Amino acid sequence: MAEVILKNISKTYGSKVTVVKNINLDIKDKEFVVLVGPSGCGKSTTLRMIAGLESISKGDIYIGDRVINLVPPKDRNIAMVFQNYALYPHMNVYSNMAFALKLRNYSKQDIDVLVKDAAQILGITHLMKRKPREISGGERQRVAVGRAIVRKPFVFLFDEPLSNLDAKLRVQMRTEIHKLHLRIQTTMIYVTHDQTEAMTLGDRIAVMKDGRILQFDTPLNVYDNPSCKFVAEFIGSPSMNLMTGDIVKKNGSLYFREGSFKVKIIKEMYGKLEKYINKQLFFGIRPENIYDKLFASCATPENTLSVLCDVVETMGSENHLYLSTNKHTMIAVVDAANKPSIGSMVEVVFDMKKAHFFDFDTKVTIV
């Protein structure tokens, strides 16, 4: 049983600098959880506290039903894969993978079986006699993962393991890590600042900012139902379009008014937005929910507006349109066949069923 529970965990350096603030997490056995957030948000510090590489200022960490606050790292039965691989340069791949087992006094026969099994899983059997300097970055990362696998730990910890790889290798290794989790069915906790990695790898993701967890949910729920403005902006590429404006009521209907345009709000949102009439708030809509009127089936005069096309980025299967009103800029993701001229006026349609509204002061999601 390798459930990992964090109860009211905090980390303070000195008397003033608190980098992790009262975190609570319940990570289920065999679950893949990703801690994601910008640099300095406390995600790596949280991981290092689980590993025992950082002391805990406040709270308790459990693995199963055992409190591990004072348990030395070597006795936690946790394996950690670092950003810089941390391989011994003077040892070949086989020796790097076998080293931790030798320290635990495994027999040569058992070590050989475990190392070769891990190498076969990761496709690095042909690299056993090579030194780290003689293999590529992606292969080094496989060796680092293999060194963790051989120990058969309760929990795997990954600290931004793909950040040193090029774009193609990152995608490849991301797939390999996902396949590895499906195969070995061990609890994994993964830290990254890359929201694409978080969305594709995690069973659940914890979005962090300023030492706090703002939302902990499945990737799809975090994407579709962000808890606040920060989560809405951080998760998604390109990020959510956000505009400031107010809610106005006319003839019994509610509208979002930005100044240069006005769009009608769907009735299902009235209950939560009526108290914001004539008040400032944030309106958000994702780029894929803005359509060119020529290609939209849900266009009405009340959700359509005319905007200036500033830039068109050709991405292959789709185009990114950078659009502007008198007050705001926005991005629309459209089909590759839809390529308006730069400097032209484009009529776009907002899918108001997919719109989001955030409180102007608290930045918390209204609807």
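Residues numbered from 1 in each chain as written. Predicted model: local features only at pLDDT ≥ 70, side-chain atom pairs only at ≥ 80, totals over all residues. Heavy atoms only, no water.

(A) Geometry of the overall build of the chain. Counting its secondary structure elements, the chain contains nine helices and 20 strands. Structurally, the chain occupies a C-alpha span of about 80 × 45 × 35 Å along its principal axes. For the chain, the proportion of its 367 residues judged to be buried stands at 50%. By sequence separation, contacts in the chain at least 24 residues apart represent 66% of the contacts at least 6 residues apart. Accessible surface, the chain: about 17,600 Å² in total, of which carbon and sulfur atoms supply 50%. (Helix = DSSP H or I, 4+ residues; strand = E, 2+ residues; numbered from the N terminus. Buried < 20%, exposed > 50% of the residue type's maximum accessible area, 1.4 Å probe, protein only. Contact = heavy atoms within 4.5 Å. Areas by Shrake-Rupley, 256 points an atom, 1.4 Å probe, with all protein chains shown as cover.)

(B) Molecular detail of the packing of aromatic side chains. Scanning the entire structure with this criterion turns up twelve aromatic pairs. Summarising the aromatic geometry, the rings of phenylalanine 230 and phenylalanine 234 are spaced 5.5 Å apart at their centres and angled 15° between planes, so their arrangement reads as stacked. Of this pair, phenylalanine 230 and phenylalanine 234 both sit in helix α8 (residues 229-234), four residues apart, which is roughly one turn of that helix. When its relative accessible area of 18% is taken as the criterion, phenylalanine 230 is described as buried. (Phe/Tyr/Trp six-rings, centres within 6.5 Å; stacked < 30°, edge-to-face > 60°.)

(C) Quick look at empty space enclosed by the protein. Across all of its chains, the model carries one cavity of 30 Å³ or more by this definition. Size it by volume and the largest cavity reaches roughly 40 Å³. Listed by contribution, the elements that provide at least two residues to the lining of the largest cavity are α4 (137-149) and α5 (167-184). Here the lining of the largest cavity gets four residues from one element, more than from any other, and that element is α5. Split by residue class, the lining of the largest cavity holds five nonpolar, no polar and two charged. (1 Å grid on protein atoms, 1.4 Å probe; cavity = no way out; pocket = protein on both sides within 12 Å on 5 of 7 lines; lining within 4 Å. Points joined across faces, edges and corners; volume = space filled by probe spheres on them. Nonpolar A, V, L, I, M, F, W, Y, C, P; charged D, E, K, R; others polar.)

(D) Fine view of the sheet that holds strand β18 (residues 329-335). An order of β15-β19-β16-β17-β18 is seen for the five strands of this open sheet, with the pairing classed as antiparallel. Each end of this open sheet is capped by a strand with a single partner; those strands are β15 (290-292) and β18. Ignoring strand direction, the axes of neighbouring strands in this sheet form an average angle of 50°. Strand direction decides the pairing type here: strand β16 (residues 304-314) and strand β17 (residues 318-324), joined by six bridges, are antiparallel. Across the sheet, valine 312 pairs through a bridge with leucine 321, a residue of β17. (Pairing = 2+ DSSP bridges. Axes fitted to C-alpha atoms, helices over the stretch in contact; angles between N-to-C directions.)

(E) View of the sheet that holds strand β5 (residues 66-67). Taken in spatial order, the four strands line up as β2-β1-β4-β5 in an open sheet, and their pairing is antiparallel. Bordering the open sheet on either side are β2 (17-27) and β5, each of which pairs with just one other strand. Taken together, the seven bridges between strand β1 (residues 4-13) and β2 define a ladder with antiparallel strand orientation. The residue of β2 that forms the bridge with tyrosine 13 is valine 17. Strands β1, β2 and β4 (58-63) of the sheet are contacted by helix α1 (residues 43-51), whose axis makes an angle of about 115° with β1.

(F) Highlighting the pattern of salt bridges. Within this structure, the stated rule accounts for ten salt bridges. Residue arginine 204 is joined to glutamate 31 by a salt bridge in which the shortest nitrogen-to-oxygen separation is 2.6 Å. Here arginine 204, found in strand β9 (residues 204-209), pairs with glutamate 31, found in the loop between β2 and β3 (32-36); they are 173 residues apart in sequence, far enough to count as distant. Assigned by exposure class, arginine 204 and glutamate 31 land together as buried. Note that lysine 293 and glutamate 347 form a salt bridge whose closest N and O atoms lie 3.7 Å from each other. (Salt bridge = Lys/Arg side-chain N within 4 Å of Asp/Glu carboxyl O.)

(G) Focus on α5. Taking 1.5 Å of rise per residue, the 18 residues of α5 would be expected to cover 26 Å, and the 26 Å separating its terminal C-alpha atoms lies within 8% of that figure. Every buried residue of α5 is accounted for by Met173, Arg174, Ile177, Leu180 and His181. The arc enclosing the buried residues of α5, seen along the axis, measures out at 125°, which places them on a common side. Structural note: α5 exposes Lys168, Leu182 and Arg183 on the side pointing more than 90 degrees away from its buried face. Those residues of α5 that are buried lie in contact with β3, α3 (108-122), α4, β7 (155-159), β8 (187-192) and α6 (195-201). Between the side-chain oxygen of the N-cap and the backbone nitrogen of lysine 168 there are 3.2 Å, and the N-cap of α5 in question is aspartate 166. (Expected span 1.5 Å × (residues − 1). Arc of directions from axis to C-beta. Polar contact = N/O pair within 3.5 Å; in protein donor to acceptor, adjacent residues only side chain to side chain.)

(H) Focus on the side chain of threonine 244. With respect to the helices and strands, the residue threonine 244 is situated in strand β11 (residues 241-250). In contact with threonine 244, not counting residues within four places along its chain, are Phe256, Glu258, Gln280, Leu281, Phe282, Lys327, His328 and Phe360.

(I) Structural detail: the environment of valine 150. Mapping valine 150 onto the fold places it in the loop between α4 and β7. Given a relative accessible area of 2%, valine 150 falls into the buried group. Taking C-alpha positions, valine 150 is 24 Å from isoleucine 5, a pair spaced 145 residues apart along the chain. Excluding anything up to four places from it in sequence, valine 150 contacts Met97, Leu101, Leu114, Val115 and Ala118.

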